[in-house]
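Structure assessment
In case you want the letters, here they are:
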Amino acid sequence: MNYSQIKTEKRGNIFIITLNRPERLNAWTGQMAAEQADAIQRANDDPDIGAIVMTGEGRGFCAGADISDTFQSRIDGNDRNNDTGGMPRDVDWIELVRSSKPMIAAVNGPAVGIGVTMILPFDVIVAAEEAKFGMVFVKMGIVPELASSHFLVSRMGWGHANEMMLSGRLYPAAEAKEKGLCEYVVKGDKLLDKALEIASSIAENPSRQLRMTKQLISQNACETDMKLAQKREINALKICYVSAEHKEAVDAFLNKRKPDFRKATQSAAE
């Protein structure tokens, strides 16, 4: 796929996706969503990539859905994105993100509407000091999407999530961090460095086990049946115990060396 609304870059074992409509503060479109999904899949298929960072070009991260491309076109009877829930129907965004290699959002400026909901399922959110977050759906006469009424509560707690969704106000980065929406706030010129630092520390670990861990978090975070939660973990452990990555970790520990998980994975596949 040729990209017109995002840019991509490989930096070592990190894959960087940059939303690239700076003249519109990277306002979201169905085309952007398709390009994002394609880029994430490319990163997932690349054995040299260990983690993914997503950021925005220019002053904004993502200023929400492009009004003319989404809301007005739907009102006019032309649902050009075949979109009823925040993403085109052929893009299962939550499944893609939660089954993907680890994903870190580097929020460089305003993140509004889908600019917030698209990153709530990410593994880590880092914000620049000048970033702002807004769940403004109610101000547009609509309701939140992309299961954000689940993920926002998981991140912020019941009261903070209610206030953010019902008020529709913009939250400065410092307040967003204080209330649990993001994990880090840094100076703007250090944003990408911090995101890459986190991504690199995660990417050192074996990719298969990282994705298995993400799946367990997705399944068990709200699970009330602890026996079922443990059963899922045990089933995953059975796979891990016979994996090349586990054998490599044990051998590296016993021989006081750094494990090479990618080499172990590639050797097992040959």
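What comes next is a walk through the structure. (Residues numbered from 1 in each chain as written. Predicted model: local features only at pLDDT ≥ 70, side-chain atom pairs only at ≥ 80, totals over all residues. Heavy atoms only, no water.)

**A short note on the overall build of the protein**
Helix and strand counts for the protein come out as twelve helices and nine strands. The C-alpha radius of gyration of the protein comes to 19 Å, within 12% of the 18 Å expected for a compact globule of 270 residues. The dimensions of the protein, computed from C-alpha atoms along their principal axes, are 60 × 45 × 40 Å. When the 270 residues of the protein are sorted by exposure, 47% land in the buried category. Put simply, of all contacts in the protein between residues at least 6 apart along the chain, 69% involve residues at least 24 apart. For the protein, the accessible area works out to roughly 13500 Å², and carbon and sulfur atoms hold 53% of it. (Helix = DSSP H or I, 4+ residues; strand = E, 2+ residues; numbered from the N terminus. Rg over C-alpha atoms; globule rule 2.2 N^0.38 Å. Buried < 20%, exposed > 50% of the residue type's maximum accessible area, 1.4 Å probe, protein only. Contact = heavy atoms within 4.5 Å. Areas by Shrake-Rupley, 256 points an atom, 1.4 Å probe, with all protein chains shown as cover.)

**Structural notes on the sheet that holds strand β8 (residues 170-172)**
An order of β5-β7-β8 is seen for the three strands of this open sheet, with the pairing classed as mixed. Only two strands of the sheet have a single neighbouring strand rather than two, namely β5 (110-112) and β8. Between one strand and the next, the sheet's axes are offset by a mean angle of 20°, whatever the strand orientation. Here three bridges tie β5 to strand β7 (residues 132-134), and the two strands are oriented parallel to one another. Along β7, the bridge assignment pairs V112 with G134. Running over the sheet, helix α6 (residues 158-167) touches β7 and β8 and is turned about 130° from β8. (Pairing = 2+ DSSP bridges. Axes fitted to C-alpha atoms, helices over the stretch in contact; angles between N-to-C directions.)

**Details of the nonpolar core**
A general trend in soluble globular proteins is that nonpolar side chains are found buried together. Among the nonpolar cores identified, the biggest contains 49 residues, and M54, W93, V107, M118, I119, F133 and L152 are the most heavily contacted of them. No other element matches helix α1 (residues 30-45), which puts six residues into this core. Filtering out sequence-adjacent residues up to four positions away, V107 remains in contact with F61, I119, I125, V126, A127, A128, A131, F133 and L191. With 18 residues, the next largest nonpolar core counts I16, V124, A128 and I198 among its residues. (Core = buried A, V, L, I, M, F, W, Y, C linked by side-chain atoms within 4.5 Å.)

**Some details on the packing of aromatic side chains**
Following the criterion strictly, the structure yields zero aromatic pairs and no others. The cationic tip of R169 hangs over the ring face of Y171; the distance from NZ or CZ to the ring centre is 3.9 Å. (Phe/Tyr/Trp six-rings, centres within 6.5 Å; stacked < 30°, edge-to-face > 60°. Lys NZ or Arg CZ within 6 Å of the ring centre and 35° of its normal.)

**Side note on the packing of helix α9 (residues 207-220) against helix α10 (residues 226-241)**
Relative to each other, α9 and α10 sit at 170°, their axes nearing to 10 Å. Comparing their axes, α10 and α9 come out roughly antiparallel. Residues R208, Q209, M212, L216, Q219 and N220 of α9 form the contact with α10, whose participating residues are A229, R232, E233, A236, I239 and C240. Considered class by class, the residues forming the contact of α9 with α10 number six nonpolar, three polar and three charged. (Parallel < 35°, antiparallel > 145°, perpendicular 65-115°, else oblique. Nonpolar A, V, L, I, M, F, W, Y, C, P; charged D, E, K, R; others polar.)

**A closer look at the pattern of salt bridges**
Evaluation of the coordinates by the stated rule reveals 18 salt bridges. We note a salt bridge from R21 to D66, for which the minimum N-O separation is 3.1 Å. Taken as a pair, R21 in the loop between β2 (14-19) and α1 and D66 in the loop between β3 (51-56) and α2 (68-75) lie far apart in primary sequence, 45 residues in all. Judged by relative accessible area, which is 12%, R21 ranks as buried. Here E175 and R169 are joined by a salt bridge, their closest N and O atoms 2.6 Å apart. Three or more residues joined by partner-sharing salt bridges are found here, namely E163, R169, E175 and K179. (Salt bridge = Lys/Arg side-chain N within 4 Å of Asp/Glu carboxyl O.)

**Notes on a nonpolar patch on the surface**
Where nonpolar side chains cluster on the molecular surface, the patch consists of I67, M140 and I142 and spans about 240 Å² of accessible area. Mapped onto the elements of the fold, I67 is located in the loop between β3 and α2. Its relative accessible area of 42% is what places I67 among the partly exposed residues. (Patch = residues over 30% accessible without salt bridge, like charges linked within 9 Å, V, L, I, M, F, W, Y side chains within 5 Å.)

**Brief notes about the pairing of β2**
Counting buried positions along β2 yields six of six residues, so the element is predominantly enclosed. Of the two faces of β2, the one holding I14, I16 and T18 and the one holding F15, I17 and L19 are both buried throughout. Strand direction decides the pairing type here: strand β1 (residues 6-11) and β2, joined by six bridges, are antiparallel. Counted as the bridge partner of T8 is I17 from β2. Count of turn residues in the β1/β2 antiparallel hairpin: two residues, of which G12 carries a positive phi of about 65°. When β2 meets β3, the two strands line up parallel, connected through six bridges. Within the sheet, the bridge partner assigned to I16 lies in β3 and is V53. In this region the chain leaves β2, passes through α1 and returns to the parallel neighbour β3; the handedness of that crossover is right-handed. (Right-handed = clockwise from strand over helix to strand, strands pointing away.)

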